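Structural overview
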Amino acid sequence: MRAIGLIGGLSWESTVIYYQIINQRVRERLGGSHSANSLIWSIDYTTVENLVFAGRWDEVSTLLTDAGRKLEDLGADVLLVCSNTFSRVSDDVARATSVPVLHIADAVGAEVRARGMRKVGLLGTRFTMEQPFYRDRLAAHGLDVVVPRREQRELVHHVIFDELVRGVLREPSRDAYARIVAGLADDGAEGVILGCTEIELLISDKDTSVPVLPSARIHAEAAAGFALAG
């Protein structure tokens, strides 16, 4: 079984999902009390959050590539950046290391296609919804991606940073997200990507009229599959 290296803490609230899902999938596959060979390098989230809001992506890249190298040195056979927003520098991590880096948008894109969907909505931080790095990656999988209107994007963004990364789950925010998902469905989305790993802490299929695709869970399952294939 290959060792999985997680660049986490982006935020730790969703890094917990990765650790849990990876170990659950390994135990389901191997039985007994098996668990994954895994390493986590957890970064102080406030540090990278401040850099992102200041537009200092080169420094974000330096922090995450350094974490990737450390995990590789410790024995990781595959790396994951446990975030959609910070996947903007996943290719930098891949160039700086010699082990595979599983990109979250590739894992999500493969899952969307496996479900037979072609037009999907995308919720995430303002960076993920508005900048091309994530949507272009999904488009490379043949997907038509739609995002909410501007004022809805602002609401989604602020709930993530003011509530979810701090572990705050509010019913009004859940209801607002459900309404936004319904609006994307009205625009033709066959499903909606929860393109921020914290969003799946707040909503799931039971809250929405169309399927939602939880990116952290999908990414973690792809990592478990990769590790077990070894």
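Note that the structure is predicted; figures quoted are calculated from it, not measured.

1. Concerning the pairing of strand β3 (residues 78-81)
Burial along β3 is two-sided: Val78 and Leu80 facing one way and Leu79 and Val81 facing the other are all buried. Pairing between strand β1 (residues 4-8) and β3: 4 bridges, direction parallel. Its bridge partner being in β3, Gly5 is matched across the sheet by Leu79.

2. Some thoughts on the packing of aromatic side chains
By the definition in use, this model includes 6 aromatic pairs. When the centroid spacing of 4.9 Å and the interplanar angle of 75° are considered together, the rings of Phe53 and Phe161 count as edge-to-face. A residue pair is termed long-range when its members are at least 10 positions apart, and Phe53 in helix α2 (residues 45-53) and Phe161 in helix α8 (residues 150-162) qualify at 108 residues. Here Phe53 falls in the partly exposed class, since its relative accessible area comes to 44%. With a centroid separation of 6.5 Å and 85° between ring planes, the pair formed by Phe127 and Phe161 is classed as edge-to-face. Here Phe127, found in helix α6 (residues 126-130), pairs with Phe161, found in helix α8; they are 34 residues apart in sequence, far enough to count as distant. Among the aromatic side chains, those forming a connected cluster through ring pairs are Tyr45, Phe53, Trp57, Phe86, Phe127 and Phe161.

What counts, and where the lines are drawn
Residue numbers here run from 1 along each chain, matching the order of that chain's written sequence. Totals for whole chains, interfaces and linings use all residues, but because this is a predicted model, local features are given only for residues with pLDDT of at least 70 and pairs of side-chain atoms are given and counted only at 80 or more. Remark: hydrogens and water are excluded; side-chain values derive from all non-hydrogen atoms of the structure. Throughout this description, buried means an accessible area under 20% of the type-specific maximum (1.4 Å probe, protein chains only), exposed means over 50%, and partly exposed covers the range between. The numbering of helices and of strands both runs from the N terminus, where a helix is a DSSP run of H or I of at least 4 residues and a strand a run of E of at least 2. A pair of strands is considered paired only if DSSP assigns at least 2 bridges between the two. In this scheme Phe, Tyr and Trp rings, the latter by its six-membered ring, pair at centre separations within 6.5 Å, and the angle between planes marks the pair as stacked below 30 degrees, edge-to-face above 60, and tilted otherwise.

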